[in-house]
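A closer look at the structure
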Amino acid sequence: MDKIRIRGGRPLSGDIFIHGAKNATLPLMAAGLLTDERLILSNVPLLADIETMATLLAQHGIATERLGNEGRVLSLGGAITNTEAPYDIVRKMRASILVLGPLLARCREARVSLPGGCAIGARPVDLHLKGLEQMGAEIRLEGGYVNAAVPQGLRGADIVFPFVSVGATENLLMAASLAEGRSTLSNAAREPEITDLALCLMAMGARIDGVGSDQLLVEGVAQLHGARHDIVPDRIETGTYACAAAIAGGSVMLRGARLEHIAALATALGEAGVEVVEDKGGLAVRRLNGLHGTDVQTAPYPGFPTDMQAQFMSLMCVAEGAAMITETIFENRFMHAPELNRMGARINVHGASAIVRGVTSLQGAPVMATDLRASVSLVLAGLAARGETVVNRVYHLDRGYEAVERQLSACGADIERTSD
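Residues numbered from 1 in each chain as written. Predicted model: local features only at pLDDT ≥ 70, side-chain atom pairs only at ≥ 80, totals over all residues. Heavy atoms only, no water.

**Digging into helix 9 (residues 263-272)**
- Those residues of helix 9 that fall on the buried side of the exposure criterion are Leu265, Ala266, Ala268, Leu269 and Ala272. Down the axis of helix 9, the sector holding all buried residues measures 160°, keeping them to one side.
- Of the residues flanking the end of helix 9, it is glycine 273, one or two places downstream, whose phi is positive at about 100°. (Buried < 20%, exposed > 50% of the residue type's maximum accessible area, 1.4 Å probe, protein only. Helix = DSSP H or I, 4+ residues; strand = E, 2+ residues; numbered from the N terminus. Arc of directions from axis to C-beta.)

**So, a nonpolar patch on the surface**
- Taken together, the side chains of Leu199, Met202 and Val211 define a hydrophobic patch exposed on the protein surface, amounting to about 220 Å² of accessible area.
- Summarising the element assignment, methionine 202 is placed in helix 7 (residues 192-203). (Patch = residues over 30% accessible without salt bridge, like charges linked within 9 Å, V, L, I, M, F, W, Y side chains within 5 Å. Areas by Shrake-Rupley, 256 points an atom, 1.4 Å probe, with all protein chains shown as cover. Salt bridge = Lys/Arg side-chain N within 4 Å of Asp/Glu carboxyl O.)

**Quick word on the packing of helix 8 (residues 235-248) against helix 10 (residues 309-316)**
- Two numbers describe how helix 8 lies on helix 10: the axes approach to 10 Å, and their chain directions differ by 5°. If you check the angle between helix 8 and helix 10, you find them roughly parallel. For the pair formed by helix 8 and helix 10, the contact residues are Ile236, Thr240, Cys243, Ala246 and Ile247 on the first element and Gln311, Phe312, Ser314 and Leu315 on the second.
- Each residue belonging to the contact of helix 8 with helix 10 can be placed in one class, and the counts come to six nonpolar, three polar and no charged. (Axes fitted to C-alpha atoms, helices over the stretch in contact; angles between N-to-C directions. Parallel < 35°, antiparallel > 145°, perpendicular 65-115°, else oblique. Contact = heavy atoms within 4.5 Å. Nonpolar A, V, L, I, M, F, W, Y, C, P; charged D, E, K, R; others polar.)

**What to know about the environment of glutamate 278**
- Relative to the elements of secondary structure, glutamate 278 occurs in strand 16 (residues 274-278).
- For glutamate 278, a relative accessible area of 56% translates into the label exposed.
- When the C-alpha positions of glutamate 278 and arginine 258 are compared, they lie 7.9 Å apart, and in sequence the two are 20 residues distant.
- Sequence-distant contacts of glutamate 278, that is, excluding residues within four places in its chain, are made with Leu259, Glu260 and Leu283.

**Topic: the sheet that holds strand 10 (residues 158-160)**
- Strand order in the open sheet made by the four strands is 10-11-13-12, with mixed pairing throughout. Each having just a single partner strand, strand 10 and strand 12 (207-209) make up the two edges of the open sheet. On average, each strand axis in the sheet is tilted by 15° relative to the strand beside it, whichever way the strands run.
- Two strands pair when backbone bridges link them, and strand 10 and strand 11 (residues 182-186) are joined in this way by three bridges, in the parallel orientation. Of the residues in strand 11, the one forming a bridge with valine 160 is serine 186. (Pairing = 2+ DSSP bridges.)

**Points about the layout of surface pockets**
- Looking at the second largest pocket, its volume works out to about 260 Å³.
- Residue lining of the second largest pocket: 15 residues in total, with Leu178, Val221, Ala222, Gln223 and Leu224 positioned closest to the centre.
- Taken together, the residues of the lining of the second largest pocket break down into seven nonpolar, four polar and four charged. (1 Å grid on protein atoms, 1.4 Å probe; cavity = no way out; pocket = protein on both sides within 12 Å on 5 of 7 lines; lining within 4 Å. Points joined across faces, edges and corners; volume = space filled by probe spheres on them.)

**Observations concerning the pattern of salt bridges**
- In the structure shown here, the tally under the stated rule is 23 salt bridges.
- In this structure, arginine 417 engages glutamate 405 in a salt bridge whose closest nitrogen and oxygen atoms are separated by 3.1 Å. Taken together, the residues span a long stretch of sequence, with arginine 417 in strand 26 (residues 414-419) and glutamate 405 in helix 14 (residues 404-409) at a distance of 12 residues.
- Residue classification places arginine 417 among the partly exposed positions, given a relative accessible area of 26%.

**Topic: the sheet that holds strand 2 (residues 12-17)**
- The mixed open sheet is built from four strands, whose spatial order is 2-15-17-16. Each edge of the open sheet carries a strand with a single partner, namely strand 2 and strand 16. Each strand of the sheet is rotated relative to its neighbour by a mean of 15°, with strand direction disregarded.
- In terms of strand pairing, strand 2 meets strand 15 (residues 250-255) through six bridges, oriented parallel. Looking at the pairing, leucine 12 lines up with glycine 250 of strand 15.

**Examining helix 10**
- For helix 10, a buried count of eight out of eight residues is recorded, marking the element as mostly surrounded by other parts of the structure.
- Among the residues of helix 10, Gln309, Ala310, Gln311, Phe312, Met313, Ser314, Leu315 and Met316 are the ones counted as buried.

**Topic: unusual backbone geometry**
- The residue after tyrosine 301, namely proline 302, is reached through a cis peptide bond having omega 15°.
- Here proline 302 shows up in the loop between strand 18 (296-297) and helix 10.
- We note that arginine 108 has phi near 65°; this positive angle belongs to a residue other than glycine.
- Along the chain, the position of arginine 108 falls in the loop between helix 4 (100-107) and strand 7 (109-113).
- In the Ramachandran plot, arginine 393 falls in the positive-phi region, its phi being about 60° despite a non-glycine side chain.
- Accessibility expressed as a relative area gives 29% for arginine 393, which makes it partly exposed.

**Overview of the packing of aromatic side chains**
- Inspection of the entire model under this criterion finds one aromatic pair.
- An angle of 75° between the planes, with centres 5.5 Å apart, marks the rings of phenylalanine 304 and phenylalanine 312 as edge-to-face. There is no split in this pair, since phenylalanine 304 and phenylalanine 312 are both buried. (Phe/Tyr/Trp six-rings, centres within 6.5 Å; stacked < 30°, edge-to-face > 60°.)

Printed below as a string of structure tokens:
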């Protein structure tokens with residue numbers, strides 16, 4: 001099993017290319033189920049989760065082919081030959097549930113295993129299922145599978161989400177695109193990945209109003225066609241490398257990054273003593289005179305992203321003063337705190353909040369990754385720590401970050417991947 005070994009204390013300097021967003025790519029791949037024609041996606045990241053989704057689509061009859069020198073163009077196409085998404089594939093990745101809406105819309109039936117993914121909270125699929133039931137689907141949960149059928153086809157419906165859900169918004173947006181009549185999705189998620197999906201669906205012939213707002217109006221069409229779409233840059237990768245520059249010191253240029261996608265994080269970084277400015281097709285990030293404790297509370301977009309909470313906590317571990325970090329999205333997302341404490345951090349978790357009291361320096365130690373974002377937070381802590389840090393179970397990292405050790409090493413970090 002691979003490990004990441006870091007010897008801390010070296011500032012970062014150089015360019016980091018920001019890849020296409022994983023959390024945009026996965027629903028866009030699921031959208032390939034909505035048409036028999038070919039969907040061409042560019043700026044595709046090279047990640048384990050992308051391969052898992054490709055394997056799942058192949059199960060349904062949709063072939064995926066990587067094009068170009070680096071394989072960053074993905075071509076999807078084929079007729080749906082199977083409407084079952086089996087446990088052995090779905091258990092690896094939460095986003096697998098996104099095939100449910102498209103399969104129902106196209107084939108009027110689907111059998112999809114309840115999903116797996118990172119163990120950061122319950123994240124039930126109730127909102128997905130209730131929305132599809134409002135659109136006419138008959139749903140039974142049996143043996144760990146969602147068995148769904150809609151013999152007369154999906155019908156438009158007025159759906160009000162009781163709380164913001166990115167996955168449910170994506171699933172129902174895709175289903176509504178081929179439903180008969182008009183659908184309204186109220187209290188919809190507004191993340192850039194939702195906007196990216198809507199833009200791709202519109203390029204495929206969908207009729208969607210309100211893109212970028214919390215109310216999406218969808219007029220269903222009889223069929224969608226193929227399209228070409230360039231995937232939005234990954235705002236979480238952007239934020240992660242911004243925190244890397246902040247915790248290690250020095251300055252980096254994040255090529256392709258967009259400031260408007262990380263506005264809440266950039267504000268928090270500014271308060272903490274980190275400069276983030278637009279420059280030459282990207283973002284220039286540098287730590288100023290010192291780091292200061294800064295409180296943050298996660299919230300749906302455009303608030304502070306839950307997927308940046310662990311990385312920001314690592315940064316606060318070496319900031320002057322104290323910081324309160326409050327998690328409002330997932331109930332089990334502080335599993336990185338005990339590992340950071342093993343490195344000398346001073347973190348006390350009280351329910352949904354963590355109090356972080358900054359220390360002069362962290363100490364390298366062997367640590368264990370528990371989920372995707374926790375794994376990269378430990379890498380960031382290693383950049384600032386004295387001595388050697390070894391991050392175990394980095395298969396979590398490979399689900400969402402492409403060659404993180406090469407990106408950081410190119411900017412001066414002493415970091416390498418090793419195998420047992």
